[in-house]
Amino acid sequence: MPAAYRTLFYLLFALSGFSALVYESIWSHYVKLFLGHAAYAQTLVIAIFMGGMAIGSWFASALSTRRGNLLRLYALAEGGIGVCALLFHQIFDHVTRFSHGVIMAHISSPSAAYAFKWLLSALLILPQSILIGLPFPLMSAAIIRLFPQRPGKVLSLLYFANSLGAAIGVLASGFLLVAALGLPGTICTAGIINIVLAIIVWRLASGAYGNAVGMPEMAPGAPTSRGGWYRPLLVASLITGSASFIYEIGWIRMLSLVLGSSTHAFELMLSAFILGLAGGALWIQHLIDRIAAPVRFLVVMQIVMGVFALVTLPVYGNTFTVMHWLLQNLDRTDAGYHLFNLGSHTMALAVMLPATFCAGSTLPLITFTLMKEGHGEKSIGVVYAANTVGAIIGVCFAIHLGMPLLGLKGLIICGGGVDIALGVALLWLSRERRSARLVPALVTVACAGAVVITALVVHLDPYRMASGVYRRTGILEPDLYNILYHRDGKTATVSLALGRSGTLSIRTNGKPDASINMNPSRDATPDEATMVLSAVIPMALNPRAQTVANIGFGSGLTAHTLLGNPRLSRVDTVEIEPGMVEAARNFGPHVDRVYSDKRSVIHIDDAKTFFSTHRANKYDIIVSEPSNPWVSGVGGLFSEEFYRTVTANLAPNGLFVQWLQLYELDAELVASVLKALSATFTDYVAYAPNDADLLLVARNGGPVGDLVTSICGLPEISRALHWVRIDNVQDLEIRRIGTRETLARLVAGYAVRPNSDYYPVLDLRAARSRFLNTSAVELQLLSHDPLPATEMLTGWAPTGD
């Protein structure tokens, strides 16, 4: 085969990797829309995807030795992936709508509802995931048949090409395709790529190159049993796959505290991780066929990889200083934003590259070792499947056990220790003489010492981790702040920082989500005004309300204020991260009712999942207080689809309240939220609780109505309002910005589409607004216009009752 054809196959396989990572990213978006963003849902998405790939790889390993023309099988697999992709959006949309509207309404048990959603999610993506597991073993075996002289190089270069394509696919999907085409267009684009690949490879397979003679299952003179290194190396593939994904989960959380927890930051981190794998595969291809003792070489790579993983901890501590310097020196322009992303990617590479570089060499090395030992091309798929199963184990462990129990530092040390222990075990197994114990013993002691020293010496500074340096806030200083709480939870790292002035803020991944002034001699914080009014305004608009759902725990002040109304019979608070509920106890008497009042029920769940599985619950008021829209996943709580979901849980004449931050957003993005809200609710009214936030109160089936004074007469409510400098209902009315009617005319002037799960305007663009430090506070100027603009456009005038 001419070298040009071999290069062509590498390029084609890079495109296959490109599309595969597009699918992983987009399917995660889709399935999370159905399952929710809770930690167990994220784990399930990865498990289905990776599990399907493992099944496909195992099947390909069994199939390849029985077929002569593997390129045709590869083409069929790529074609099948492409056809499934073209059909996926319509199938997903119809099936999930039917499930929410018909099936879920008849499932009374939350456990049964979750089981149904998990099963349906598996059925939606498992077939395609199995097909995605086929190409690597099939292409690798086919090219090795054509180039049997250097099988190690072929394996390494294919792994490199596939990984490089995947790294590019992550960035292209997140930064270009979804923004231009939305989720449906992006997945169709990937499908078209697969179909084109199928056609090209089928044509090539029809020629002389596709009819190459298959490799024998065993090399001449090789053992016919599965002895030797077969089982140990399959176990090694599984273990190192687990360790690698423990690193990935740990590094992504670590770097989220430096780079921010936006979707684009996640994509930059994932791309850096995969680029490291590609670099390792490219490097090993020069050596692999000349390595005389591949198992000994693998021992070195495993130990070095584990040590590099441990080294990421002290390196990580310096990234906060680099990010702070970067933001101090970058202009707030589009060019500056591009440099910010480039710098973020560079920092992710600095942390991940050394260890992932080693990881990228291990899979080709293990496969090559088994093939060299005589286990044939079947070992390609089997090793790949074992590695993928290990990845599933690593993800499940890291999210559900490692992160909550060990914390970030402990999780990374655990992953590094696993890889080091694997290398040491292989060293002991690879001794040529059983009496040769000195070198393995010395290595064992040295490795154990490295792990212990890292655990004892390396310290992750909670002040840096709570700083939110990606928002230009600098690094918290111990003489100005006191960290009262710090915990690495399943979904976020939660901190409590008490400032010298007495302001206590609760932070997720370094970003303050709520703050309360604990010093009674000082004024309330702007956040307190928003949290109190998020509770009081809807109660003043719906004084007969009895049941309330509150999305997002925050400090707990909103739920605490709601419970100050004795007319309410139940307040359900939905929070995804248990650490938030635990940390907020430190706000003490400011929020004590949410913990002590029997009417208060706290649900640890994702909001979408909670409402879809509690359709029988009808609420007079639903308050949504999510974090900023640039936080990954939060944009879905401002979407058309979410607003349609919550309306099913609103009682007749019920009110929906949306807290929307105007800072770090531009007016166009606010318009996309208002358009999404208008598509679902017949009326809404906007209030300004402070100078930087907006409260949107919406109702279906009629006007929102007027505020009534009776709610202000309740003792606990009156006390809460007085603390935020509101003494009567007129003080509330003056904060009224406009209505659906008046704001719709303003919003219509923006060409932006409504924020949607399938076209996630906020998720894609809010991170840029955060960097540019844009603001939409000019929308509040409507209430300060010297002309009575609101009254003239709507006929509304303030009332006293």
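Residues numbered from 1 in each chain as written. Predicted model: local features only at pLDDT ≥ 70, side-chain atom pairs only at ≥ 80, totals over all residues. Heavy atoms only, no water.

**Description of the packing of helix 3 (residues 70-103) against helix 6 (residues 151-205)**
The geometry of helix 3 relative to helix 6 is characterised by a closest axis approach of 7 Å and an angle of 160° between their N-to-C directions. What the angle tells us is that helix 3 and helix 6 run roughly antiparallel. Here the hand of the crossing between helix 3 and helix 6 comes out left-handed. Residue classes in the contact of helix 3 with helix 6 are distributed as 19 nonpolar, five polar and two charged. (Axes fitted to C-alpha atoms, helices over the stretch in contact; angles between N-to-C directions. Helix = DSSP H or I, 4+ residues; strand = E, 2+ residues; numbered from the N terminus. Parallel < 35°, antiparallel > 145°, perpendicular 65-115°, else oblique. Left-handed = near helix turned anticlockwise from the far one by under 90°. Nonpolar A, V, L, I, M, F, W, Y, C, P; charged D, E, K, R; others polar.)

**Thoughts on the sheet that holds strand 4 (residues 511-517)**
One key point about sheets: their strands pair by backbone hydrogen bonds, in either a parallel or an antiparallel sense. On the basis of which strands lie adjacent, the open sheet formed by four strands has the order 1-2-3-4 and antiparallel pairing. At either margin of the open sheet sits one strand with a lone partner, and together these are strand 1 (481-488) and strand 4. Ignoring strand direction, the axes of neighbouring strands in this sheet form an average angle of 15°. Packing of helix 11 (residues 378-429) onto the sheet brings it into contact with strand 1 and strand 2 (493-499), and relative to strand 1 it is tilted by some 130°. (Pairing = 2+ DSSP bridges. Contact = heavy atoms within 4.5 Å.)

**Points about the environment of L655**
Along the chain, L655 falls in strand 9 (residues 650-661). Beyond its immediate stretch of four places on either side in the chain, L655 contacts P538, L541, N542, D620, I621, I622, L650, V697, A698, R699 and V704.

**A few points about the confidence of the model for the protein chain**
Residues at a pLDDT of 70 or more form 92% of the protein chain, whose mean pLDDT is 89. Long-range and interchain partners of residues 212-225, a stretch whose pLDDT sits below 50, account for 24 contacts in this model, where long-range means more than four residues apart. (pLDDT = per-residue confidence, 0-100.)

**Things to note about the packing of aromatic side chains**
Scanning the entire structure with this criterion turns up 27 aromatic pairs. Through a chain of ring-to-ring contacts, the aromatic side chains of Y23, W27, Y30, F88, F92 and Y758 assemble into a single cluster. Directly above the ring of F771 sits R332, whose terminal nitrogen or CZ lies 4.9 Å from the centroid. Directly above the aromatic system of Y759 lies the positively charged group of R753, at a separation of 3.8 Å from the ring centroid. (Phe/Tyr/Trp six-rings, centres within 6.5 Å; stacked < 30°, edge-to-face > 60°. Lys NZ or Arg CZ within 6 Å of the ring centre and 35° of its normal.)

**Remarks on the packing of helix 6 against helix 8 (residues 263-284)**
In contact at an axis separation of 8 Å, helix 6 and helix 8 are set at 165° when each is read in the N-to-C sense. Here helix 6 lies roughly antiparallel to helix 8, going by the angle between them. Judged by the twist between their axes, the crossing of helix 6 over helix 8 is left-handed. Residues S156, L157, Y159, F160, S163, L164, A166, A167, V170, L171, G174 and F175 of helix 6 form the contact with helix 8, whose own contacting residues are H264, E267, L268, L270, S271, I274, L275, L277, A278, A281, L282 and I284. Here the contact of helix 6 with helix 8 is built from residues that sort into 18 nonpolar, five polar and one charged.

**Regarding the sheet that holds strand 9**
Spatially, eight strands are ordered 7-6-5-8-9-11-10-12 in an open sheet, and the strand pairing comes out mixed. The open sheet has two edge strands, strand 7 (600-604) and strand 12 (736-739), and neither has a second partner. For this sheet, the mean angle separating the axes of adjacent strands, direction not counted, is 15°. Across the sheet, helix 23 (residues 740-747) touches strand 10 (683-687) and strand 12, and the angle it forms with strand 12 is around 80°.

**Some words on unusual backbone geometry**
Unusually for a residue other than glycine, E664 sits at a positive phi of about 60°. Considering the arrangement of structural elements, one finds E664 in the loop between strand 9 and helix 20 (667-678). The phi dihedral of R725 is positive, around 65°, even though this residue is not glycine. Structurally, R725 is set in the loop between helix 21 (715-723) and helix 22 (729-733). Among the residues examined, R725 registers a relative accessible area of 60% and is labelled exposed. (Buried < 20%, exposed > 50% of the residue type's maximum accessible area, 1.4 Å probe, protein only.)

**Some details on the side chain of T312**
As for its position among the elements, T312 is in helix 9 (residues 294-329). Reaching out from T312, the side chain makes a polar contact with the side chain of W251 at a distance of 3.3 Å. Setting aside anything within four residues of it in sequence, one finds T312 in contact with W251, M254, V351 and I412. (Polar contact = N/O pair within 3.5 Å; in protein donor to acceptor, adjacent residues only side chain to side chain.)

**Section: helix 6**
For helix 6, with 55 residues, the first-to-last C-alpha span of 20 Å runs short of the 81 Å given by 1.5 Å per residue. Along helix 6, the sharpest kink reaches roughly 120°, centred on G182 and followed within four residues by the proline P184. (Expected span 1.5 Å × (residues − 1). Bend = angle between axes of the 7 residues up to and from the residue.)

**Considerations on the pattern of salt bridges**
Taken as a whole, this structure holds 16 salt bridges when the rule is applied. Residue D93 pairs with R97 through a salt bridge whose shortest N-O separation is 3.3 Å. Pair noted here: D93 and R97 are both in helix 3, with a separation of four residues, about one helical turn. According to the relative accessible area criterion, D93 is buried, its value standing at 15%. Here R570 makes a salt bridge to D572, at a shortest N to O gap of 2.9 Å. Residue class for R570 comes out partly exposed when judged on its relative accessible area of 33%. Since its relative accessible area comes to 0%, D572 is described here as buried. Overlapping salt bridges, with partners in common, bring together R593, E716 and R719 in one network. (Salt bridge = Lys/Arg side-chain N within 4 Å of Asp/Glu carboxyl O.)

**Details of the side chain of T561**
Turning to its location among the elements, T561 is positioned in helix 15 (residues 557-562). The contact partners of T561, leaving out residues within four places of it in the chain, are V532, A535, V536, M539, R593, I717 and A720.

**Description of helix 24 (residues 761-772)**
The first and last C-alpha atoms of helix 24 sit 17 Å apart over 12 residues, in line with the 16 Å expected at 1.5 Å per residue. Of all 12 residues that make up helix 24, 10 are buried, and the element is covered over most of its length. Residues of helix 24 that are buried: V761, L762, D763, L764, A766, A767, S769, R770, F771 and L772. One or two steps after helix 24, the chain reaches N773, where phi turns positive at roughly 60°.

**So, the state of the cysteines**
Under the definition given, this model contains zero disulfides. The thiol sulfur of C358 is not disulfide-bonded, and the nearest other cysteine sulfur, from C447, lies at 13 Å. We note that C414 lacks a disulfide partner, and the nearest cysteine sulfur, in C396, lies 14 Å from it. For C414, a relative accessible area of 23% gives the class partly exposed. (Disulfide = S-S within 2.5 Å.)

**Some remarks on the pairing of strand 9**
When a strand is regular, its side chains alternate between the sheet's two faces. Most of strand 9 sits inside the fold, with 10 of its 12 residues counted as buried. In terms of strand pairing, strand 8 (residues 619-624) meets strand 9 through five bridges, oriented parallel. Looking at the pairing, I622 lines up with F656 of strand 9. With helix 19 (residues 640-647) bridging strand 8 and its parallel neighbour strand 9, the resulting β-α-β unit is right-handed. (Right-handed = clockwise from strand over helix to strand, strands pointing away.)

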